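Breakdown of the fold
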Amino acid sequence: MSGYRLERGGLINREKRLGFTFDGKPYQGLEGDTLASALMANGVRLMARSFKYHRPRGVLTAGSAEPNALVELREGGRREANTRMTMIELYEGLVAKSQNRWPSLYFDVSAINQLASPILVAGFYYKTFMWPKAFWEKLYEPVIRRAAGLGQATYERDPDRYEKSYAHCDVLVIGGGPTGLMAAATAARSGSRVLLADEGAMFGGSLLGETEEIDATSGVEWAQEVTAELASLPEVTLLPRTTVFGWYDDNVFGAVERVADHKLMPGPYEPRQRYWRIHAKRAILAAGAEERPLVFGGNDRPGVMLASAVRSYVNRHAAAPGRTGVVFTNNDSGYRTARDLRAKGVRIAAIFDSRKEASAPDAAGVEVMTGAVITHVAGSLGVTSVSFNRGRGEEQIDCDFVAMSGGFNPNVHLACHRGQSPIWNDALQAFVPPETGSPLVAAGAAGGSMLLSECLKEGALAGAQAANDTGFHCKALAVPLTRDDRYAIAPLWWVKESRSKAFVDFQNDVTAKDIPLTAQEGYRHVELAKRYTTLGMATDGGRTSNINGAGILAGATGRSMAEVGTTTYRPYFTPVSFGAFAGPFAAKHFQPVRRTPVHEWAEEQGAVFVETGLWMRSSWFPRPGETDWLESVTREVKATRESAGICDVSTLGKIDIQGADAAELLNRVYCNGWNTLEVGKARYGLMLREDGIVFDDGTTSRLSEDHFFMTTTTANAARVMSHLEFCHQALWPDLDVQYVSVTEQWAQMAVAGPNARRCLQKITDAELNDRTFPYMAAREVTVLGHVPARLFRISFSGEHAYELSVPADYGNLVARALMHAGAEFNITPYGVEALSVMRIEKGHVAGSELNGTTTAADLGLGRMMSTKKDYVGRMMAQRPGLTRPDREVVVGIRPANKTDRLYSGAHILTKGDAPSLENDQGYVSSVAFSPMLDMWIGLALCKRGRERHGETVQLFDGLRDMHIEAELCEPVHFDKENKRLHA
């Protein structure tokens with residue numbers, strides 16, 4: 001043995017050395033190592049500090065349940081905290097840093113917390129931080145926030161890519177150990193589509209770390225042969241480095257594939273990780289079982305490890321955990337560890353078997369002490385000796401590592417993700433999966449079968465049954481011959497005679513004594529005990545601690561394990577990065593960009609675009625010589641009001657509604673009436689939520705007796721559609737009506753101004769005058785001689801205006817034609833900023849006023865609420881709180897000094913009042929500079945606003961330190977008689 005690297009064996013490439021650093025110190029490992037095994041081979045035992053006491057901790061496991069050995073991996077934007085050393089495949093240039101320590105891992109100042117351990121018991125924060133009350137904000141909260149968390153996240157942008165993928169298969173096999181390989185091979189030979197996923201880099205599972213023989217060959221070789229066969233079959237998909245983290249309705253599984261986590265950085269066009277959504281007809285849970293620790297004094301010291309983990313390190317990675325060790329077990333698994341260590345040349349001083357009458361398996365010549373328990377582990381930063389008791393008083397033995405085995409827990413998590421609870425098995429002293437039916441079947445160790453022969457047999461049967469269930473003819477494969485070790489166990493939840501702290505949750509420093517105290521204080525339910533102690537709330541999700549905790553709680557409360565039960569199992573089986581969930585949808589790809597059918601025309605006109613939801617809307621159209629957006633917007637408003645303007649309003653929601661009961665549906669969702677609307681007419685509609693608050697507004701046109709065309713606000717388009725679907729399907733399914741969103745099927749343009757009619761008349765065959773096409777008319781027309789269109793004489797600007805809808809493919813063509821037709825009238829493109837200015841000048845409410853808190857009466861639209869019919873929100877709108885006279889209602893507002901600027905969000909105060917919540921009278925909701933009035937104007941929501949027109953108030957804006965006087969007035973600032981609208 002060179003250092004702690006064994007001379008022979010292991011699934012490592014001794015010809016390829018890899019350089020890496022840990023806490024700035026350079027080391028070398030071998031290809032096939034994990035970071036944990038590489039450090040172990042270099043003699044490093046101290047790898048981390050615990051959360052609360054900052055106790056020294058080393059590696060505990062060899063898999064994904066690791067609670068101790070967590071590091072910050074990589075640097076810069078790729079830095080990630082709380083990465084498990086046991087799952088990090090070693091690569092050249094790896095950079096890792098320990099966390100939750102200062103100034104260094106070997107000298108951590110916060111370890112002084114251990115001196116306060118007598119008061120840092122279960123629930124101490126609930127008891128301590130309640131008084132004195134004044135200390136919370138100035139002392140307790142700042143200290144807790146500084147102490148919270150383990151590693152540190154990066155503030156830099158993640159440079160890597162992530163992907164999402166969908167998979168459909170007949171049979172999903174979860175776990176690539178002996179059970180999973182047997183199940184996948186059986187199902188695959190029938191021709192069914194098989195997907196095999198395993199969290200490891202190699203398929204084989206427990207066989208990779210054991211010395212099993214299958215059909216006279218090593219378990220590793222058998223796994224490699226089966227994997228090669230599966231890889232050769234066209235209907236089989238192999239997903240190594242893939243964790244299936246959740247089971248959802250309709251047999252959908254979530255999984256994350258670590259595509260390039262084992263590299264310094266991903267290759268070109270290669271994702272870092274890939275999120276999988278797997279739709280499986282049948283699934284086999286072959287995730288195996290995980291060993292659990294024993295709870296005894298000093299069981300958290302670096303060098304105290306799970307027995308199966310020790311076997312994995314020596315057999316798979318050829319890395320010894322120390323020179324001389326002891327085994328502490330309550331089951332037969334510990335003896336296998338002793339045999340494997342002896343075979344590798346590692347000395348085992350003794351086997352401590354807590355069972356008094358154990359029928360001991362072959363111990364390979366190691367001394368076995370039955371009825372013996374470890375009571376204390378000596379050493380500061382590593383194990384130096386253990387104290388034990390076998391009924392003769394305390395004795396001591398020198399060693400530098402401990403291999404412990406408290407039994408095995410089947411990985412039942414996925415089977416419980418849809419609400420069912422696991423079942424206690426007395427023979428195994430563990431919980432086994434519930435019966436979930438044929439969509440998901442547990443097999444092998446995941447189902448509670450601990451012998452290799454049983455795992456292979458159950459895998460073959462499960463694979464055949466799953467293939468047959470999906471329509472393929474399949475027989476179970478012949479089960480290969482194996483050599484089974486006996487598995488028997490006697491429960492040991494806590495060595496009560498321990499003379500030092502015995503830990504249940506290693507990461508959160510929950511001790512065995514915390515749990516009886518929790519029960520004594522009334523938190524006897526396992527869910528309450530979890531939260532009171534933080535047991536099982538570490539990054540391992542309680543996989544190494546929950547069952548021991550439940551066993552101690554059972555003893556403390558006089559109940560059985562079946563009565564205590566478990567906490568609720570929820571996704572995720574292991575942590576999943578936010579990057580995997582986001583996939584490619586980041587930065588500009590966060591959501592798809594929607595461009596209107598008139599986008600090209602707007603670009604040609606030099607539009608500056610603004611993101612409105614998912615839409616790119618033209619905001620304003622700068623011209624040469626204009627210095628800022630306000631100058632451009634002012635020009636656009638003046639040009640439109642003086643002659644003609646064109647605006648892209650395609651982003652408005654558009655819903656086509658047809659059917660014999662179409663009018664009745666509108667009558668029930670709008671608060672005003674619709675049965676009397678004439679064909680060829682449009683009407684402004686106001687929609688309420690069920691609680692009586694205004695939901696949305698817009699115009700709806702009747703194109704024929706049973707055909708309506710609804711427009712909604714841009715922001716609420718999808719919500720209004722969902723509302724219609726709910727109302728029809730859940731409230732009034734008897735209505736004969738159909739509806740479909742057609743927002744993207746129509747390009748829509750507003751043409752406004754005194755010359756709007758003249759511009760439109762040049763491109764349409766319809767006769768446009770006040771008699772043939774009066775205000776609020778809505779007709780199907782033809783433009784440019786052949787393009788079908790819909791024309792509506794409606795206005796949001798207060799000008800004589802129209803909205804023209806044409807099929808989306810014709811949007812740019814028609815917009816260009818309108819510009820050509822209006823050239824003699826100096827027609828001007830205007831954007832949403834100019835549109836907003838004109839709507840505020842006219843006192844039209846929009847999103848800032850329809851903010852989810854206002855009623856129709858607040859908005860000055862109370863007369864639209866019909867008293868002759870029922871509709872959504874009618875009764876709730878009559879609640880006293882929504883009709884009280886001091887509500888904030890819409891008013892106009894102007895600065896007392898015309899040179900002052902208004903800002904939205906400014907609070908309204910009675911003149912002379914000091915700014916305070918008690919004196920707050922409302923706020924300014926919308927502001928604009930009005931070119932027509934040559935001053936800033938706005939709309940506001942003000943208490944009893946309609947009674948206060950003409951009153952001078954003061955505006956307060958704390959963010960801008962603004963104090964000005966303003967006048968409340970009518971909402972309509974310009975053309976109050978609507979002469980321009982009907983001109």
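These lines cover the structure that appears in this document, whether it is placed above or below. (Residues numbered from 1 in each chain as written. Predicted model: local features only at pLDDT ≥ 70, side-chain atom pairs only at ≥ 80, totals over all residues. Heavy atoms only, no water.)

Summed over all chains, the structure comprises three cavities of 30 Å³ or more. Considered as a void within the structure, the largest cavity measures approximately 80 Å³ in volume. A48, R49, N68, L70 and Q507 are the residues nearest the centre of the largest cavity, which is lined by 13 residues in total. By residue class, the composition of the lining of the largest cavity is six nonpolar, five polar and two charged. (1 Å grid on protein atoms, 1.4 Å probe; cavity = no way out; pocket = protein on both sides within 12 Å on 5 of 7 lines; lining within 4 Å. Points joined across faces, edges and corners; volume = space filled by probe spheres on them. Nonpolar A, V, L, I, M, F, W, Y, C, P; charged D, E, K, R; others polar.)

With that settled, the discussion passes to the packing of aromatic side chains. Inspection of every chain in the model, using the stated rule, returns 20 aromatic pairs. With a centroid separation of 5.9 Å and 70° between ring planes, the pair formed by F245 and F581 is classed as edge-to-face. Of this pair, F245 sits in strand β13 (residues 242-248) while F581 is found in helix α13 (residues 578-582), placing the two residues 336 residues apart along the sequence. We classify F245 as buried; its relative accessible area is 1%. A centroid spacing of 5.8 Å and a plane angle of 65° characterise the contact between F929 and W936, whose relative ring orientation is edge-to-face. Look at W936 and you get buried, because its relative accessible area is 9%. Here R418 stacks its cationic end above the ring of W247, 4.4 Å away from the centre of that ring. (Phe/Tyr/Trp six-rings, centres within 6.5 Å; stacked < 30°, edge-to-face > 60°. Helix = DSSP H or I, 4+ residues; strand = E, 2+ residues; numbered from the N terminus. Buried < 20%, exposed > 50% of the residue type's maximum accessible area, 1.4 Å probe, protein only. Lys NZ or Arg CZ within 6 Å of the ring centre and 35° of its normal.)

Let's shift gears to the nonpolar core. Counting residues in each nonpolar core, the largest one holds 74 residues, and the members touching the most others are L35, F296 and F352. Element by element, the count of residues in this core is highest for helix α1 (residues 35-41), at six residues. Beyond its immediate stretch of four places on either side in the chain, F352 contacts V326, V327, F328, T329, M369, A372, I374, V386, F388 and I397. Counting residues in hydrophobic clusters, the runner-up holds 34 residues, among them F621, A756, Y802 and V814. (Core = buried A, V, L, I, M, F, W, Y, C linked by side-chain atoms within 4.5 Å. Contact = heavy atoms within 4.5 Å.)

The strand order β45-β48-β47-β46-β49-β50 describes a closed barrel built from six strands, whose pairing is antiparallel. Neighbouring strand axes in the sheet, compared pairwise and without regard to direction, differ in orientation by 45° on average. The pairing of strand β46 (residues 907-910) with strand β49 (residues 952-957) spans four bridges and is antiparallel. Bridged to H907 within β49 is F956. (Pairing = 2+ DSSP bridges. Axes fitted to C-alpha atoms, helices over the stretch in contact; angles between N-to-C directions.)

Taken together, the side chains of W102, F107 and V109 present a nonpolar region at the surface, about 370 Å² in accessible area. Considering the arrangement of structural elements, one finds F107 in the loop between β7 (94-98) and α2 (124-128). Owing to a relative accessible area of 56%, F107 belongs among the exposed residues under this scheme. (Patch = residues over 30% accessible without salt bridge, like charges linked within 9 Å, V, L, I, M, F, W, Y side chains within 5 Å. Areas by Shrake-Rupley, 256 points an atom, 1.4 Å probe, with all protein chains shown as cover. Salt bridge = Lys/Arg side-chain N within 4 Å of Asp/Glu carboxyl O.)

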